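Each chain, letter by letter, is given below.
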Amino acid sequence: MPVAVMDHFYRGGAAIAALRGGPARSERSPEEWLASATPRFGAAPEGLSRMADGTLLRDAIAADPRGWLGHTHLERYGPQPELLAKLLHAGERLPVHLHPDRSFAGRHLSCGHGKTEAWVVLDAHDDTTVHLGFSVPVDREELAELVERQDTEGLLSRMHEVPLRRGDTVLVPAGVPHALGAGAFVLEVQEPTDFSILLDWRDYALDGPREGHLGLGFDVALEAVRRTPLSAAEVGALRMPAALSAEPARSPRPLLVPEAAPFFRADLLRAPEEQAVDVPGGFGVLVVLDGIGHLAAADGGAHELARGDVLALPHSAGPLRLSGTATAVLCRPPEHPAPAPEGPS
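We now turn to the structure provided with this report. All residue numbers here refer to positions counted from 1 along the written sequence of the relevant chain. Given that this is a predicted model, residues contribute local features only at a pLDDT of at least 70 and side-chain atom pairs are listed and counted only at 80 or more, while totals for whole chains, interfaces and linings are drawn from all residues. With hydrogens and water stripped out, all remaining heavy atoms of the structure feed into the side-chain values.

**Details of the overall build of the chain**
Reasoning step 1: Secondary structure follows DSSP: runs of H or I at least 4 residues long count as helices, runs of E at least 2 residues long count as strands, and numbering of each begins at the N terminus. For the chain, the count of helices and strands is 10 helices and 21 strands.
Reasoning step 2: Computation of the radius of gyration draws on C-alpha atoms alone. For the globule rule, the value is 2.2 Å times the number of residues to the power 0.38. The C-alpha radius of gyration of the chain comes to 20 Å, within 12% of the 20 Å expected for a compact globule of 345 residues.
Reasoning step 3: Each principal axis of the C-alpha distribution contributes one length, and for the chain these read about 60 × 40 × 40 Å.
Reasoning step 4: Burial analysis of the chain (345 residues in total) assigns 55% to the buried set.
Reasoning step 5: For the chain, the proportion of contacts with a sequence separation of at least 24, taken over those separated by at least 6, is 74%.
Reasoning step 6: Roughly 14,300 Å² of accessible area belongs to the chain as shown, and the carbon and sulfur atoms make up 51% of that amount.
Reasoning step 7: In this count, Lys and Arg are taken as positive residues and Asp and Glu as negative ones, while His and the chain termini are left out. We put the charge of a Lys on NZ, of an Arg on CZ, of an Asp on CG and of a Glu on CD. In the chain, 31 positive and 47 negative side-chain charges are present, and the distance between their average locations comes to 2 Å. Each residue gets one of three labels from its accessible area relative to the maximum for its type: buried under 20%, exposed over 50%, partly exposed in between, using a 1.4 Å probe on protein chains only. Contact criterion: two residues are considered in contact whenever any of their non-hydrogen atoms come within 4.5 Å of each other. For the area figures, the Shrake-Rupley method with a 1.4 Å probe applies, and any residue is considered shielded solely by the protein chains shown.

**Some thoughts on the side chain of T116**
Reasoning step 1: With respect to the helices, strands and loops of the structure, T116 is situated in the loop between α5 (102-108) and β5 (117-123).
Reasoning step 2: Counting of polar contacts relies on pairs of N or O atoms within 3.5 Å, with two restrictions inside protein: one atom must be capable of donating a hydrogen and the other of accepting it, and residues adjacent in sequence are counted only when both atoms are side-chain atoms. Within the structure, T116 has its side chain in polar contact with the backbone nitrogen of A174 (distance 3.1 Å).
Reasoning step 3: Leave out the neighbours within four places in its chain, and T116 touches L171, V172, P173, A174, V189, Q190, E191, F263 and F264.

**Observations regarding the packing of aromatic side chains**
Reasoning step 1: By convention, a stacked pair of Phe, Tyr or Trp rings (six-membered ring in the case of Trp) has centres within 6.5 Å and planes under 30 degrees apart, an edge-to-face pair has planes over 60 apart, and any other such pair is tilted. Counted under the stated rule, the structure contains 6 aromatic pairs.
Reasoning step 2: Their ring planes at 90° and their centres at 6.0 Å tell us that F9 and Y204 sit as a pair that is edge-to-face. Linking F9 in the loop between β1 (3-5) and α1 (14-20) with Y204 in the loop between β11 (197-198) and α8 (208-211), this pair joins segments that are 195 residues apart in sequence.
Reasoning step 3: Judged by its relative accessible area of 22%, F9 falls in the partly exposed class.
Reasoning step 4: Judged by its relative accessible area of 11%, Y204 falls in the buried class.
Reasoning step 5: Between the aromatic rings of W201 and F218, the centroid separation amounts to 5.6 Å while the plane-to-plane angle is 20°, which identifies the pairing as stacked. Of this pair, W201 sits in the loop between β11 and α8 while F218 sits in helix α9 (residues 218-221), placing them 17 residues apart in sequence.
Reasoning step 6: Through a chain of ring-to-ring contacts, three or more aromatic side chains come together here, namely F9, Y10 and Y204.

**With respect to the environment of R20**
Reasoning step 1: Here R20 lies in helix α1.
Reasoning step 2: Sequence separation between R20 and P333 is 313 residues; the distance between their C-alpha atoms is 23 Å.
Reasoning step 3: Of the polar contacts made by the side chain of R20, one reaches the side chain of E32; its length is 2.5 Å.

**Some words on unusual backbone geometry**
Reasoning step 1: In this structure, the amide linkage connecting A44 to the following residue, P45, adopts the cis form with an omega of 10°.
Reasoning step 2: Here P45 shows up in the loop between β2 (31-34) and α2 (57-63).
Reasoning step 3: Within the chain, Q150 stands out as a residue other than glycine whose phi angle is a positive 50°.
Reasoning step 4: Assignment of secondary structure puts Q150 in the loop between α6 (140-149) and α7 (152-157).
Reasoning step 5: Judged by its relative accessible area of 9%, Q150 is buried.

**So, the sheet that holds strand β14 (residues 265-270)**
Reasoning step 1: Between any two strands, pairing holds if DSSP finds at least two bridges. Overall, antiparallel pairing links the 5 strands, which are arranged β13-β14-β21-β16-β19 in an open sheet. The sheet terminates laterally at β13 (253-254) and β19 (310-313), the two strands that pair on one side only.
Reasoning step 2: Judged from the 5 bridges that link them, strand β16 (residues 284-290) and strand β21 (residues 327-332) form a sheet pairing that is antiparallel. Opposite D290, over in β21, you have T327 as the bridge partner.

**Some details on the pairing of β2**
Reasoning step 1: The two faces of β2 match: E31 and W33 on one face and E32 and L34 on the other face are all buried.
Reasoning step 2: Judged from the 3 bridges that link them, β1 and β2 form a sheet pairing that is antiparallel. Its bridge partner lying in β2, A4 is registered against W33.
Reasoning step 3: Across 4 bridges, β2 lies against strand β3 (residues 84-89) in antiparallel orientation. In the strand pairing of β3, E31 is matched with L88.

**A short note on the pairing of strand β10 (residues 185-190)**
Reasoning step 1: Counting buried residues along β10, 6 of its 6 residues qualify, which places the element largely inside the surrounding structure.
Reasoning step 2: Note: β3 against β10, 6 bridges, orientation antiparallel. Within β10, the position partnered with A85 by the bridge is V189.
Reasoning step 3: Where β5 lies against β10, 6 bridges are found, and the strand directions are antiparallel.

So, in structure tokens, the structure goes:
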């Protein structure tokens with residue numbers, strides 16, 4: 001179960017400990033990076049997951065890329081998983097922030113990935129919300145002033161506020177400002193980077209003027225922000241309400257809106273009674289949310305699963321079958337490369 005746990009500037013993590021168990025965590029351990037080959041921005045090797053024998057998963061993949069990723073994946077993406085999955089429990093509202101898209105990252109960060117992400121909401125308080133995208137036009141000068149003044153209320157008042165409910169999923173396109181609310185416990189699936197631009201840091205243990213702009217300066221960093229408003233319909237189209245409540249099925253059920261597919265995939269695995277889910281072959285990160293299960297390979301190999309288990313599935317394992325009462329989410333890379341996005345406006 002290769003994972004990476006580290007302290008962050010915001011509080012949380014109790015829900016992760018309840019799901020996953022393990023050693024005691026600090027109140028500032030709100031994230032667990034799952035089967036991660038992605039380092040923390042500016043702080044490698046933090047963020048990289050280790051195998052049971054202490055080997056970094058990144059190094060294990062580099063030593064056997066075909067076994068871990070498969071020939072087709074290697075041809076499309078090279079020797080990298082093209083995926084990062086996390087568990088995130090927000091003990092307090094996160095700052096208003098955003099992630100650059102691939103176009104901005106290529107121009108300014110020498111990276112072919114931005115950071116589109118999605119959340120599978122595992123739990124939430126009755127009053128948990130997310131602020132997602134501007135609801136009114138915000139010009140460049142106005143945004144710069146809001147950030148310089150650290151006018152948190154001004155930022156939040158210009159954004160959509162959307163309730164989060166257990167079982168919902170939400171796609172967050174790169175460039176869109178957002179702030180996950182207190183009480184949200186999510187499985188996050190994202191492009192494999194740790195790029196964040198902060199618009200709000202006033203009430204956090206952060207040096208925003210130094211840490212908030214990816215080393216680019218805010219004059220450049222704010223170019224990554226989508227300032228044009230999202231309509232209510234556009235915000236609604238990013239969500240799949242109650243996606244985790246889908247009925248059991250013999251095949252994986254997609255949990256995210258179709259617009260996520262060029263960046264990553266997340267599927268619900270829940271077998272019908274006395275039957276099994278056919279799990280496709282290929283690299284993936286399997287997270288067991290509840291119940292117990294039996295994961296069987298065509299060659300006779302098997303693995304017993306229980307609530308809180310996390311597995312990195314190599315391509316070489318081939319197609320698998322999941323039976324039992326387990327409810328699990330399978331996070332996978334995209335099938336096809338995403339087109340280069342247009343720059344924000």
